Amino acid sequence: MYEVGDMVCYPMHGAGIIVDIEKKEILGKKEDYFVVKLPIGAMKVMIPVKNAEKRGIRSIIDKDKLKDVIEVLKEEPTKMSTNWNKRVRDNTEILKGGDIFEVAKVYRNLKSLDDKRNLSTGEKKILHDTKNILISEMILSSGKSYEEIDKIIYEAVE
């Protein structure tokens, strides 16, 4: 399992570093929780250790896989539903899976759509969230700054 200092990705939240493992009592039950500090927004999330795998916690990608993520961002957008509500549901399901390559596809597709027309409020939130998920994992994997990764993503999708 994971230890303090490990870099992990938590679907729907992004990547972070396990800074502590705390025992908490919630609803009369004591459990161990990973305390994960995310690099964006200085947010910390607590994840029950016993449910970490079930919740999709995984190690971040290796630095050498970053070029593959960037290549996904550069690809042509794939066809999506014309119904914005269905797109929101489909993309939310993809994000729950936690696969960075799928997250990159969602970002690329929504960014392309956003460049052509206004997105719904739900899609704008997903676009923002997917970018932060990508940036957080790419920061930890590469050691680069937020600004450097933001520029890399911007250039890849333009």
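Position numbers for residues start from 1 in each chain and track the written sequence from start to end. Residues qualify for local features only when their pLDDT is at least 70, as the model is predicted, and side-chain atom pairs are given and counted only at 80 or more; totals for whole chains, interfaces and linings, by contrast, use all residues. Side-chain measures were taken over the full set of non-hydrogen atoms in the model, leaving aside hydrogen atoms and water.

Comments concerning the packing of aromatic side chains
Classification of ring pairs rests on two measures: the distance between centres of Phe, Tyr or Trp rings, Trp counted by its six-membered ring, which must be within 6.5 Å, and the angle between planes, read as stacked under 30 degrees, edge-to-face over 60 and tilted in between. Taken as a whole and judged by the stated rule, the model has one aromatic pair. Ring centres 6.2 Å apart and planes at 75 degrees place the aromatic pair Tyr 2 and Phe 34 in the edge-to-face group. Taken together, the positions of Tyr 2 in the segment before β1 (7-10) and Phe 34 in strand β3 (residues 29-37) put the pair 32 residues apart, joining distant regions of the chain. This pair shows no difference in class: Tyr 2 is buried, exactly as Phe 34 is. A run of H or I in DSSP becomes a helix once it reaches four residues, and a run of E becomes a strand once it reaches two; helices and strands are each numbered from the N terminus. Under the scheme applied here, a residue whose accessible area is under 20% of the maximum for its type counts as buried, over 50% as exposed, and between as partly exposed, the area being computed with a 1.4 Å probe on protein chains only.

Examining the environment of Asp 150
Secondary-structure assignment places Asp 150 in helix α5 (residues 146-157). Between the alpha carbons of Asp 150 and Lys 37 there is a distance of 20 Å; along the sequence they are 113 residues apart. Every residue pair with non-hydrogen atoms within 4.5 Å of one another is taken to be in contact. Non-local contacts of Asp 150, meaning those with residues more than four positions away in its chain, are made with Lys 131 and Ile 135.

Looking at the environment of Met 138
Locating Met 138 in the fold gives a position in helix α4 (residues 121-142). Look at Met 138 and you get buried, because its relative accessible area is 1%. C-alpha separation for the pair Met 138 and Lys 65, spaced 73 residues apart in sequence, amounts to 9.8 Å. Discounting chain neighbours no more than four positions away, the residues touching Met 138 are Leu 66, Val 69, Ile 70, Gly 143, Ile 149, Ile 152 and Ile 153.

A closer look at the UniProt feature "domain: CarD-like/TRCF RNAP-interacting" (unreviewed entry) in the protein
UniProt positions are given in the numbering used here, feature names are shortened, and annotations may be inferred rather than shown by experiment. The residues that UniProt annotates with the feature "domain: CarD-like/TRCF RNAP-interacting" (unreviewed entry) are residues 1-111. Here residues 1-111 runs as 32% helix and 30% strand, with 36 Å between its end C-alpha atoms.

Details of the nonpolar core
Think of a nonpolar core as a cluster: buried Ala, Val, Leu, Ile, Met, Phe, Trp, Tyr and Cys residues, connected wherever their side-chain atoms sit within 4.5 Å. Within the largest apolar cluster, 27 residues are counted, with the highest numbers of intra-cluster contacts made by Val 69, Leu 73, Tyr 107, Leu 134, Met 138 and Ile 153. Secondary-structure elements contributing two or more residues to this core are α1 (66-74), α2 (84-97), α3 (100-116), α4 and α5. Core analysis: the next-biggest nonpolar cluster, separate from the first, contains 11 residues, Tyr 2, Val 8, Ile 18 and Leu 38 among them.

A few points about the pattern of salt bridges
When a carboxyl oxygen of Asp or Glu lies within 4 Å of a side-chain nitrogen of Lys or Arg, that pair is called a salt bridge. Throughout the structure, instances matching the rule amount to 14 salt bridges. When the shortest N-O distance is used, the salt bridge between Lys 23 and Asp 32 registers 3.1 Å. Take Lys 23: its relative accessible area is 56%, and that puts it in the exposed class. When its relative accessible area of 35% is taken as the criterion, Asp 32 is described as partly exposed. Across the salt bridge formed by Glu 155 and Lys 151, the nearest N and O atoms sit 3.9 Å from each other. Residue Glu 155 and its partner Lys 151 are located together in helix α5, separated by four residues, close to a single helical turn.

Side note on the packing of α2 against α4
To get an axis, fit a line to the C-alpha atoms, keeping to the stretch in contact for a helix; angles then go from 0 to 180 degrees between the N-to-C directions. With their axes 9 Å apart at the nearest point, α2 and α4 run at an angle of 25 degrees to one another. In this view, α2 runs roughly parallel relative to α4, as classed from their interaxial angle. Handedness of the α2/α4 crossing: left-handed. Across from Trp 84, Arg 87, Val 88, Asn 91, Thr 92 and Leu 95 in α2, the residues of α4 making contact are Gly 122, Glu 123, Ile 126 and Thr 130. Counted by class, the contact of α2 with α4 contains four nonpolar, four polar and two charged residues. In what follows, roughly perpendicular refers to angles from 65 to 115 degrees, roughly parallel to angles under 35, roughly antiparallel to angles over 145, and oblique to any angle outside these ranges. Throughout, a crossing is termed right-handed when the near helix is turned clockwise from the far one, and left-handed when it is turned anticlockwise from it by less than a right angle. Polarity classes work like this: nonpolar for Ala, Val, Leu, Ile, Met, Phe, Trp, Tyr, Cys and Pro, charged for Asp, Glu, Lys and Arg, and polar for all others, with Gly in that last group.

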